[in-house]
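Descriptive analysis of the structure
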Amino acid sequence: MTDDRSPLSRLSDQRVEYGARGEVAAGTDPFTFFSQWYAEAQAEIREPNAMLLATASDSGPDARIVLLKGVDPAGFTFFTNYTSAKGLQIAADARVALVLPWHDMHRQVRVQGIATRTSAAVSDEYFAARPRGAQVGARASHQSQPVDSRAAMHAAFDRVEAEFADAEVPRPEQWGGYTVAPHRIEFWQGQANRFHDRFVYESADRPAALDDAAAWTVARLDP
Ligand SMILES: Cc1cc2nc3c(=O)[nH]c(=O)nc-3n(C[C@H](O)[C@H](O)[C@H](O)COP(=O)(O)O)c2cc1C
Ligand code: PXP
């Protein structure tokens, strides 16, 4: 904050005012609320399904972006490598948090829940729908492990391509989905004077179906 030579020392000058979208009221159930907000985000945000996934384990908290690939009343689904850092962390502690950061709309959605692996059939179906290059990449990558060089990565990619030259690329068994079944979900709408709207749905710490209005209590929170 005191070093005037660095532009990074002056970030306190940056200021965006919120509130142009008007006030928000709580919806009936979290699924309806999320569906409505997601449809609006889809129209305005370039990659609205990019979300932060936070994990907790004995080694401490960790976070990274993953892509949301589906939402239904059971929860929020993404795909990854089960032997990655996040995969090992979820194996040690399945409690996770998600944040959908829709800055341009002055909105965020926060989710807390329990991650469980999708069935092999669901993972197979999604893997088969990915572009071939992404399938090859998933087989060639030991996600989150050190690798010697970019050249070594390309060699691994080429080996997989050669192995399945005339065939479909099968899903590696360590690659698949997780569904986060939520017990807390918060909708945040930025407002003027940092006096925002926040609505939190809770299901008594137990995951509940998002569209089961009776399972959720809703409260407004101070900003
Ligand atoms: C926009 C964006 C989307 C991403 N989507 C995914 C994803 O869906 N699955 C995934 O495994 N990694 C995804 N990544 C990469 C992760 O952020 C991360 O680098 C990788 O999964 C390794 O994380 P880990 O070492 O914590 O396991 C994405 C990164 C970005 C920036
Ligand atoms: C390492 C990794 N895995 C999976 C994904 C999800 O990609 P896709 O949309 O092809 O499933 C991404 C997206 O950036 C990624 O970086």
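Since this is a predicted model, take the numbers as computed values, not measurements. (Residues numbered from 1 in each chain as written. Chains lettered and ligands numbered in written order. Predicted model: local features only at pLDDT ≥ 70, side-chain atom pairs only at ≥ 80, totals over all residues. Heavy atoms only, no water.)

It is worth spelling out the site of ligand 2 at this point. Neighbouring residues of ligand 2: Leu-67, Lys-69, Tyr-126, Arg-130 and Gln-143. Here an oxygen atom of ligand 2 and a side-chain polar atom of Arg-130 are 3.0 Å apart. The fraction of the free accessible surface of ligand 2 (400 Å²) that becomes covered by protein chains is 52%. Looking at the shell around ligand 2 residue by residue, the classes come out as two nonpolar, one polar and two charged. (Near = heavy atom within 4 Å. Polar contact = N/O pair within 3.5 Å; in protein donor to acceptor, adjacent residues only side chain to side chain. Areas by Shrake-Rupley, 256 points an atom, 1.4 Å probe, with all protein chains shown as cover. Nonpolar A, V, L, I, M, F, W, Y, C, P; charged D, E, K, R; others polar.)

Further remarks concern the environment of Phe-195. As for its placement among the helices and strands, Phe-195 is situated in the loop between β6 (175–189) and β7 (197–202). Phe-195 sits in the exposed class, given a relative accessible area of 61%. With 176 residues separating them along the chain, Phe-195 and Gly-19 place their C-alpha atoms 8.9 Å apart. (Helix = DSSP H or I, 4+ residues; strand = E, 2+ residues; numbered from the N terminus. Buried < 20%, exposed > 50% of the residue type's maximum accessible area, 1.4 Å probe, protein only.)

Further remarks concern the site of ligand 1. In the vicinity of ligand 1, the contacting residues are Glu-47, Arg-64, Ile-65, Val-66, Leu-67, Phe-79, Thr-80, Ser-84, Ala-85, Lys-86, Gln-143 and Ser-144. Take Ala-85: an N or O atom from its main chain is 3.3 Å from an oxygen atom of ligand 1. In isolation ligand 1 offers 620 Å² of accessible surface; the protein chains occlude 63% of this area. Taken together, the elements giving at least two residues each to the shell around ligand 1 come down to β2 (60–72), β3 (75–81) and α2 (85–92). The element that contributes the greatest number of residues to the shell around ligand 1 is β2, accounting for four residues.

Time to look at α2. Since the α-helix turns once every 3.6 residues, residues separated by three or four places project in the same direction. Residues of α2 that are buried: Lys-86, Gly-87, Gln-89 and Ile-90. The arc that holds the buried residues of α2, viewed along the axis, is 165 degrees, so those residues lie on one side. Pointing more than 90 degrees away from the buried face of α2 are the exposed residues Leu-88, Ala-91 and Ala-92. (Arc of directions from axis to C-beta.)

Non-glycine residue His-106 carries a positive phi angle of around 55 degrees. Here His-106 lies in the loop between β4 (95–102) and β5 (107–117). Of note, Ser-144 is a non-glycine position whose phi angle comes to about 80 degrees, a positive value. Mapped onto the fold, Ser-144 is located in the loop between α4 (132–140) and α5 (150–163).

Relative to β2, strand β1 (residues 50–57) is paired through eight bridges, and the arrangement is antiparallel. Pairing of Leu-52 across the sheet is with Ile-65, part of β2. Linking β1 back to β2 in an antiparallel pair, the connection comprises two residues. (Pairing = 2+ DSSP bridges.)

Let us now look at the UniProt feature "domain: Pyridoxamine 5'-phosphate oxidase N-terminal" (unreviewed entry) in the protein chain. Taking the UniProt record as the reference, the feature "domain: Pyridoxamine 5'-phosphate oxidase N-terminal" (unreviewed entry) is found at residues 40–161. As annotated, residues 40–161 has a helix share of 36% and a strand share of 39%, and its two end C-alpha atoms lie 40 Å apart. (UniProt positions renumbered as here; feature names shortened; annotations may be inferred.)

Below, the discussion takes up the environment of Ala-181. With respect to the helices and strands, Ala-181 occurs in strand β6. Sequence-wise, Ala-181 and Gly-19 are 162 residues apart; in three dimensions their C-alpha atoms are separated by 31 Å.

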